[in-house]
Each structure stands twice: as structure tokens, then as C-alpha cells.
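Given next are the chains, with one letter for each unit.
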Amino acid sequence: MSNLDHIRSYYEALNAGDADLVASHFTENAVHYYTRLGPHEGAARIGQNATLGVETIDGQWHLEHGIEQGDEAVIEWTMTWREPSSGEKRLDRGTEWFLMRDGKIAEVRAYHHGGKKNPQGDLLGFDHAGRGYTTMDDWKPPSPS
């Protein structure tokens, strides 16, 4: 299985909200870094965070594009979710850099931008829909398990 295939499988597990299945994609001592919160350390903690995202904000992740080389891979992603206080449908965009070890994810460095002027983190002037990226028109809640 290629690194990108493994990451695709991880994203399918994310969308199912299955903590154990998510954790199975990671080394035991994996670390997931973020730009907006402290790191999650360990496969189990990373899996628990995924479940929380699906259960509390209807999080769904879409792998839009990826490149791999050696023991590294990088992807662009879109996350659809629901704002808990208002119920408003939301969409975020970002990129993640993966370090693989023995066929599992050892590290994720997740970069996301969202500010008041551009809360989704869209690339300004980029035709997301025209290039086949997930848009608000594609928004849907998680499938019942």
C-alpha cells in the first residue's frame, strides 16, 4: 500500500468516527501537530480526537490532492463541519504533512488558516469548484453508523 493509499484509508476512518480504526493507522507514539491547538500525542489520543470531531461537530474530511516521496507525503484537505453554537454549516481548508514509519503514520503537521476575512481558508481567486475541490454545495453530515 502506498503512503497516499494509507492516508486515504485513514481519512475514511476519520469520517466513520471510529477511534480504534483511526488509531490503527498510526504508530503508538505518533504526534499530530496543529496550528490552532496543542499536539495530540499517541495513536489512541489521535483516534479519540477524531471521534470527538464527528460526534460533536459533524466533522467530515476530504482528501483533495496528495504527493508522496520516500517516507513523507503531503495532502490538501477540506473539512466540512457544523458550528456547535449556531448549527451553521462550515468548511475549512488546509494541508497536512505526514511522516511515515513502518507503513504507519508517525507524525502529522496540520496547517490551517482561517481568519475573520477568510474563515474557510480558501485560496483567494482559486476556482475550488472548477478544479473539483469540495465546496459548501457538497456539505453533508456524517453517515449514521
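Described below are features of the structure shown in this document. (Residues numbered from 1 in each chain as written. Predicted model: local features only at pLDDT ≥ 70, side-chain atom pairs only at ≥ 80, totals over all residues. Heavy atoms only, no water.)

### Observations concerning the environment of P84
Selection criterion: Numbering of helices and strands starts at the N terminus; helices are DSSP runs of H or I of at least 4 residues and strands are runs of E of at least 2. Burial here depends on accessible area, computed with a 1.4 Å probe over protein chains only, as a share of the maximum for the residue type. Under 20% is buried, over 50% is exposed, and the range in between is partly exposed.
Looking at where P84 falls in the secondary structure, it is placed in the loop between strand 4 (72-82) and strand 5 (89-101). With a relative accessible area of 57%, P84 lands in the exposed category. Between the alpha carbons of P84 and G42 there is a distance of 27 Å; along the sequence they are 42 residues apart.

### Description of the pairing of strand 3 (residues 60-69)
Rule in force here: The rule for pairing is simple: two strands pair if DSSP sees at least two bridges between them.
Of the strand pairs in this sheet, strand 3 and strand 4 are connected by 9 bridges, and their pairing is antiparallel. Bridged to E68 within strand 4 is A73. The turn joining strand 3 and strand 4, which pair antiparallel and follow one another in sequence, is formed by 2 residues; a positive phi near 60 degrees is taken by G70.

### Re the sheet that holds strand 1 (residues 26-33)
Selection criterion: In what follows, a contact means two residues having at least one pair of non-hydrogen atoms within 4.5 Å. In this analysis an axis means a line fitted to C-alpha atoms, helices contributing only their contacting stretch, and an angle means the value between N-to-C directions, from 0 to 180 degrees.
Taken in spatial order, the 6 strands of this open sheet run 2-1-6-5-4-3, and their pairing is mixed. Only two strands of the sheet have a single neighbouring strand rather than two, namely strand 2 (40-41) and strand 3. Across 8 bridges, the pairing between strand 5 and strand 6 (residues 104-112) is antiparallel. Along strand 6, the bridge assignment pairs W97 with R109. Contacts from helix 1 (residues 3-16) reach strand 1, strand 3, strand 4, strand 5 and strand 6 within the one sheet, and its direction differs from that of strand 3 by about 170 degrees. Against the sheet, helix 3 (residues 43-57) makes contact with strand 1, strand 2, strand 3 and strand 4, and its axis sits at roughly 55 degrees relative to strand 1, the strand it touches most.

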